Amino acid sequence: MITDVSERKLARAQKQVQILEQMIEDKTRELFITQEELRSAKEYFESIIRSMQDLLIVLRPEGTIQSVNERAVSLLGYQHEDELIGQFITKVLNDQEGFHELFLNVDDLEGPFNQRESSFIGKAGNSFPVLLSGSTLRDKKGKSCGLVLLALDIQERKILEQQLLQAQKMESIGQLAAGMAHEINTPIQFIGDNTRFLQEAFCELQPVLDHSTTLVETTESGSISIKSLDGIANAVKTADLPYLSEEIPKAIAQTLEGVERVSSIVRAMKEFSHPGVEGKTSADINSLIDNTIVVSRNEWKYVADIKTEFAPDLPQITCFAGQLSQVFLNLIVNAAHAIAEIVEGKDNETGTIRIATRIDNQWLEISVCDTGGGIPEQIRDKIFDPFFTTKPVGTGTGQGLALVHDIVVEKHQGTIVVESSPDMGTTFLLRLPINPVLEDSLQERMDTQNEHSTAHMKAIEV
Amino acid sequence: MKGVVFNLFEQFISENWSEEIYEQILEECSLETAEPFVGPGTYPDADFLALVVKATETVGVELPVAIRAFGKFCFPKLAEVFPHFVQTHQHPKDFLKTIDSVIHVEVRKLFKDAETPEFRYEDPGPQQLVLIYKSPRKLYEFAEGLLEGVGEYFQSPIQYTRTVRVENEQEVAIFELTFSEAAVCVS
C-alpha cells in the first residue's frame, strides 16, 4: 500500500538530480579527456608533418593552396605559411609539365599520380627540381575536396645524375680514345714527314741564300766578282730549285691540311666531352651530330660509311646538348656494331649508316639507319631495359639504349620509334619538341606520343 | 533503453491513471536497476518490459494495446522536448523520412551507447510511404503508436498496415502508410 507518494517522488527526484549531476561531471571529464586526446593526436600528426623532409601541399579544388608544411615553406624561401596559403599553386609550381590542367580537374583525376618530374619556383625566382606525387582528397561521401601534393626535393639527385652522365660520357671518350689517337696519328705522321722534308729543303736552300746575301753585299760595294756568281750558280744547281719550288708548297698545304684534321678532331672531342651547363641551352643538332661522327670515326670507318642528310634550315632547339651528343654516339656505335656483325670476314665489304635530320611541324626528327642485321624479334621489347645487352661479357654494359630512352623521352619529352627487320637493318627515329615550353604543343605531344606508341607497336610487329 | 522512455512511461501511467498506480507498479516490479531512471541513462530492456507487463496487469489493459497507447502518448511529449526536429516539416511523410538520417543520428551524437532501431524507406507515391523497421526489440506496437501520434500532431491521420518478414535471418516489420489526401506533401 502506497502511503506517501509525494514523499517518494521527491526522494526519487532528488536522487535523479544527484545522478544527473554525476553524469554531467562524467561527461565533462570525458569531454576533457577527449579534447586532450584530440590535442595530443593533432600535435602528433603535426610533428610528423613537421619532421617530413618532403614538401607537403594541400590544394583546394580550384587549385589554391590550403595548407603547406614547414619544409615546403622553408625550401620555397618563404618566412611563413601565410605567404603561400590562398595563392594559386602555379605561383610555386613550374607549369611546364602541364599539371595545371590536373589541378583544374581534380574530379577527373583517375587515381593518384606518382613521382612525376617537375620543378618548383622559390620566392627568389630560383627553380629547383622535384618528384611530384599527388592524390585527390575526398570527403566522407567520396566527393573530391582538394588535392594532396607530395614533392621530393631532387636537387642533389640531379647533381649526381649530371655527374653520372658526365662520367658515362667520359667512359665513352675513354673507349673512343684509342680510335681517336689513331685518327690523330695519321695526319700527325704526314705532318711530321712534310716538316722533315721542309727542314731538309731549307738545308738545301741555305747555301743559295748565303751566296745571294754575299752577292747583294758585293754589288752594293760596287764590285761584282765572278766568284760570287759561280757560288750562286753552284748552290742553285746543288739545291735542285725546280724540284723544291714544286714540292715545298705541296708539303706546306698537306701540313696545313693535317693540322686542320687534328684540330677538328680535338675540337670535336672537346665539345663532346664538355660537361655542359646544368640546364637546357640552345643548340644546333646538326653540329652536335657532326662532332659525334668525328669523335666516333674509328668506331665505324672500317665497317661502314656514314651518309648525312641534314635539313639546312634546322632551328636551334633548347636541349641538354651534352646528353644528346651521348645519344647520337650510342646510336652510331650500335649501328656500327650491327653492321660489323654482317660484314665481318668479308673483304672490302662495308655497310652504310644514314643520319638525317628534318622538321615535322613542331618536332625535330633525327633518324639513324643502319644496314645491319636488325634486332631479333624476341628481344625488341627489351632493348631499352637497363642492363639488357646482347654484346659479349665485358663489351657492353646494357646502359646505352636505356640512356638514350632516358635522355630523349624523360629529359626532353621526346619520342623514339624503332623499326627493324633482318633485310632492312634498323632505324631509330627520334623526335624532339622544337619548343617544349609551349602549352599548345603539350596536348599535341601527348596525342603524337599516343600515335607514335601505336606506330611503335606496329613497327615492332613488322 | 534510454531513461527518457522510462520517464515518459511514468508520465503515461500518472496522467492516464494516477501517480499512486505508478508507485504501486514500481514497488511491485523486480527491476535490475536500483536507482531512479534519468533521461540520459541507459537501462536494461528487461526493466522496461517488466514495468509494462506489471502495468497491464495492474490497470487491466492488454499488452499490445498498452504499448501502442504509450507510443501515441510519447510522440507529442518528444515533439515538445525536441521541437526543432518536427516543426521544420509541413507533412508527416517529410518528417518520417528524417527519422533515420537526422533524428537517430542526433541521438547517437548525444548518447554514443544508444541502440536506435533501423528504418528504411520506399516511396511508392505522393500520399504513400513504406517504412521498414528493424530492431531486436521488435516494438512494433510502440512504432504504430508513434505513427498515430505523428498523424495527430500534423493533423493528418495516417492509415497503416503492418506485415512482418525475415531479412537476413532477422525479423523486420513493413509498415505501409497512406496519408490523408488533404495533406500536401512538399517532398
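Below, the structure is looked at part by part.

Rules and cut-offs
Residues numbered from 1 in each chain as written. Chains lettered and ligands numbered in written order. Predicted model: local features only at pLDDT ≥ 70, side-chain atom pairs only at ≥ 80, totals over all residues. Heavy atoms only, no water. Contact = heavy atoms within 4.5 Å. Buried area = accessible area lost by both parts, 1.4 Å probe. Salt bridge = Lys/Arg side-chain N within 4 Å of Asp/Glu carboxyl O. Helix = DSSP H or I, 4+ residues; strand = E, 2+ residues; numbered from the N terminus. Buried < 20%, exposed > 50% of the residue type's maximum accessible area, 1.4 Å probe, protein only. Pairing = 2+ DSSP bridges. Axes fitted to C-alpha atoms, helices over the stretch in contact; angles between N-to-C directions. Phe/Tyr/Trp six-rings, centres within 6.5 Å; stacked < 30°, edge-to-face > 60°. Expected span 1.5 Å × (residues − 1). Arc of directions from axis to C-beta. Core = buried A, V, L, I, M, F, W, Y, C linked by side-chain atoms within 4.5 Å.

1. What about the interface of chain B and chain A?
Contact with chain B, which involves 17 residues of that partner, is made by 13 residues of chain A. Taking both sides of the interface into account, the surface hidden between chain B and chain A amounts to around 1300 Å²; carbon and sulfur atoms contribute 57%. Among the residues of chain B in contact with chain A, Glu23, Pro36 and Val38 of chain B are the three that bury the most area, contributing 40% of the side total. At the boundary of chain B with chain A, the tally comes to seven salt bridges. The salt bridge involving Arg8 of chain A is made with Glu27 of chain B; its shortest N-O contact spans 2.7 Å.

2. What to know about the environment of Thr281 of chain A
Residues and elements named next belong to chain A. Structurally, the position occupied by Thr281 is in strand S6 (residues 281–283). Owing to a relative accessible area of 30%, Thr281 belongs among the partly exposed residues under this scheme. Here the alpha-carbon distance between Thr281 and Gln316, two residues 35 residues apart in the chain, equals 9.4 Å. When neighbours within four sequence positions are excluded, Thr281 is seen to be in contact with Ile317, Thr318 and Cys319.

3. Some thoughts on the sheet that holds strand S12 (residues 425–433) of chain A
Residues and elements named next belong to chain A. Strand order in the open sheet formed by five strands is S7-S9-S10-S12-S11, with mixed pairing between adjacent strands. At either end of the open sheet lies a strand with only one pairing partner, and these are strand S7 (304–309) and strand S11 (415–421). Recorded for the sheet is a direction-independent mean angle of 15 degrees between the axes of neighbouring strands. Bridge count between strand S9 (residues 351–360) and strand S10 (residues 363–370): eight bridges; the pairing is antiparallel. Counted as the bridge partner of Thr357 is Ile366 from S10. Most of the contacts of helix H9 (residues 321–343) go to S9, to which it runs at about 145 degrees, and overall it touches S7, S9, S10 and S12. Packed on one face of the sheet, helix H10 (residues 400–411) meets S11 and S12 and runs near 140 degrees to S11.

4. Considering the pairing of S10 of chain A
One face of the sheet, then the other: side chains in a regular strand alternate in exactly this way. Residues and elements named next belong to chain A. In terms of burial, S10 is largely enclosed, as seven of its eight residues are buried. With seven bridges joining them, S10 and S12 adopt antiparallel strand pairing. Residue pairing across strands places Glu365 opposite Arg431, the latter belonging to S12.

5. A few points about the packing of aromatic side chains
Residue and element names in this part refer to chain B. Summed over the entire model, instances satisfying the criterion amount to 23 aromatic pairs over all chains. Relative to Phe12, the ring of Phe9 lies with its centre 6.1 Å away and its plane at 40 degrees, an arrangement referred to as tilted. One end of the pair is Phe9 and the other is Phe12, both in helix H1 (residues 3–16) and three residues apart, which spans about a single turn. By the ring-pair criterion, three or more aromatic residues cluster together here, those being Phe6, Phe9, Phe12, Trp17, Phe37, Tyr43, Phe48, Phe70, Phe73 and Phe142.

6. Observations regarding helix H5 (residues 226–239) of chain A
All names here are of chain A. Here H5 is 14 residues long and its end C-alpha atoms lie 20 Å apart, about the 20 Å a rise of 1.5 Å per residue gives. Those residues of H5 that fall on the buried side of the exposure criterion are Ser228, Gly231, Ile232, Ala235 and Ala239. With its buried residues spanning 95 degrees around the axis, H5 presents them on a single face. Pointing more than 90 degrees away from the buried face of H5 are the exposed residues Ile226, Lys227 and Lys237. Those residues of H5 that are buried are in contact with helix H4 (155–220) and helix H6 (241–273). Count one or two residues on from H5 and you reach Asp240, which has phi positive near 55 degrees.

7. Comments concerning the sheet that holds strand S3 (residues 113–121) of chain A
Residues and elements named next belong to chain A. The strand order across the open sheet formed by five strands is S2-S1-S5-S4-S3, and the pairing between neighbours is antiparallel. Every other strand in the sheet has two partners, leaving strand S2 (65–68) and S3 as the edge strands with one partner each. Strand-to-strand, the axes of this sheet are offset by a mean angle of 30 degrees, without reference to chain direction. Relative to strand S5 (residues 144–153), strand S1 (residues 55–59) is paired through five bridges, and the arrangement is antiparallel. The residue of S5 that forms the bridge with Val58 is Val148. Contacts between H4 and the sheet are confined to S3, strand S4 (127–138) and S5, with S4 contributing the most and set at about 130 degrees to the helix.

8. What about the nonpolar core?
In this structure, Phe9, Phe70, Leu96, Phe175 and Leu177 of chain B are the most contacted members of the largest nonpolar core, which totals 47 residues. Those residues in contact with Phe175 of chain B, other than ones at most four positions away along the chain, are Leu129, Val130, Leu131, Tyr133, Tyr140, Ala143, Glu144, Leu147, Thr161 and Arg162 of chain B. Residues Ala321, Ala336, Ile353 and Ile383 of chain A belong to the second largest nonpolar core, which totals 44 residues.

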